[in-house]
Amino acid sequence: MNPADEILDVVDEHDRVVGQLPRGEVYRRGLRHRCVFIQARDAAGRLFVHRRTATKLVFPALYDPFVGGVVGAGESYDEAALREAEEELGVSGLPRPTHLFTFLYDDGAGKTWWSAVYEVRCELPVNPQVEEVQWHAFLSDEEVEARLGEWEWVPDGLAAYERLAQFRAGNAGNAQS
């Protein structure tokens, strides 16, 4: 199926479903929907980082410190987190990702979605989807931090990354639920 044809739940400012439309229409009209962000780490604790393909509908060819994507119509955040992590990492049998918090991402220019942030340990050999990922590596936290100012990152992933750092530092009030 063409990703633009996937049906998404449209949600309000309180994350309540108010309708359903194809992803392409949701994006075109700047309607609020749901996404999941999963921080995947290997057995050594290194973070999976990837560069999105140039064919992605949103933020093509940018670097991302999370795997994830949209939550399909009628799908729970938890279901989407496991599905998206396994799809993007190219694995099966991952442990269920742990939900950390949810926040509303809004760039003020028509990109807005409820964002559930998760973490998962991936000790399996990864084989990322070539349709989604053009480059990937597991990087140490220090390597990621060094590249934050060098690489062009997806803005929503960067927002989630910063909120996750606050969350882990014990400042969960800035992360939301």
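Our structure is the block above this text.
Note that the structure is a prediction, hence the values are computed from the model and not measured.

Caption draft 1: Local environment of the overall build of the chain. Of the regular secondary structure elements, the chain holds 4 helices and 9 strands. Each helix and strand of the chain, ordered N terminal to C terminal, gives the series β-β-α-β-β-β-β-α-β-β-β-α-α. Over its C-alpha trace the chain gives a radius of gyration of 15 Å, about what one expects of a compact globule, namely 16 Å for 177 residues. Principal axes of the C-alpha set define a box for the chain whose edges measure 45 × 40 × 30 Å. Residues counted as buried form 48% of the 177 residues belonging to the chain. For the chain, long-range pairs separated by at least 24 residues make up 62% of all intrachain contacts whose partners lie at least 6 apart in sequence.

Caption draft 2: Main features of the pattern of salt bridges. Throughout the structure, instances matching the rule amount to 14 salt bridges. Residues glutamate 25 and arginine 29 are paired through a salt bridge, measuring 3.4 Å at the closest nitrogen-oxygen approach. Highlighted residues: glutamate 25 and arginine 29, both in helix α1 (residues 23-29), separated by 4 residues, approximately one helical turn. On the basis of relative accessible area, arginine 29 is assigned to the partly exposed category, the value being 46%. Connected via shared salt-bridge partners are Glu75, Arg83, Glu84 and Glu87.

Caption draft 3: Structural detail: the packing of aromatic side chains. Evaluated as defined, the whole model comprises 11 aromatic pairs. For the pair tyrosine 63 and tryptophan 151, a centre-to-centre distance of 4.1 Å together with 20 degrees between the ring planes defines the contact as stacked. Placement of tyrosine 63 in strand β5 (residues 63-64) and of tryptophan 151 in the loop between α3 (141-147) and α4 (155-168) is noted, with a sequence separation of 88 residues between them. For tyrosine 63, a relative accessible area of 15% puts it in the buried group. Taken together, a centroid distance of 6.0 Å and an interplanar angle of 55 degrees make the contact between tyrosine 63 and tryptophan 153 tilted. With tyrosine 63 in strand β5 and tryptophan 153 in the loop between α3 and α4, this pair connects stretches of sequence that are 90 residues apart. Taken together, Tyr63, Trp135, Trp151 and Trp153 form an aromatic cluster joined through their ring pairs.

Conventions and cut-offs
Residues numbered from 1 in each chain as written. Predicted model: local features only at pLDDT ≥ 70, side-chain atom pairs only at ≥ 80, totals over all residues. Heavy atoms only, no water. Helix = DSSP H or I, 4+ residues; strand = E, 2+ residues; numbered from the N terminus. Rg over C-alpha atoms; globule rule 2.2 N^0.38 Å. Buried < 20%, exposed > 50% of the residue type's maximum accessible area, 1.4 Å probe, protein only. Contact = heavy atoms within 4.5 Å. Salt bridge = Lys/Arg side-chain N within 4 Å of Asp/Glu carboxyl O. Phe/Tyr/Trp six-rings, centres within 6.5 Å; stacked < 30°, edge-to-face > 60°.

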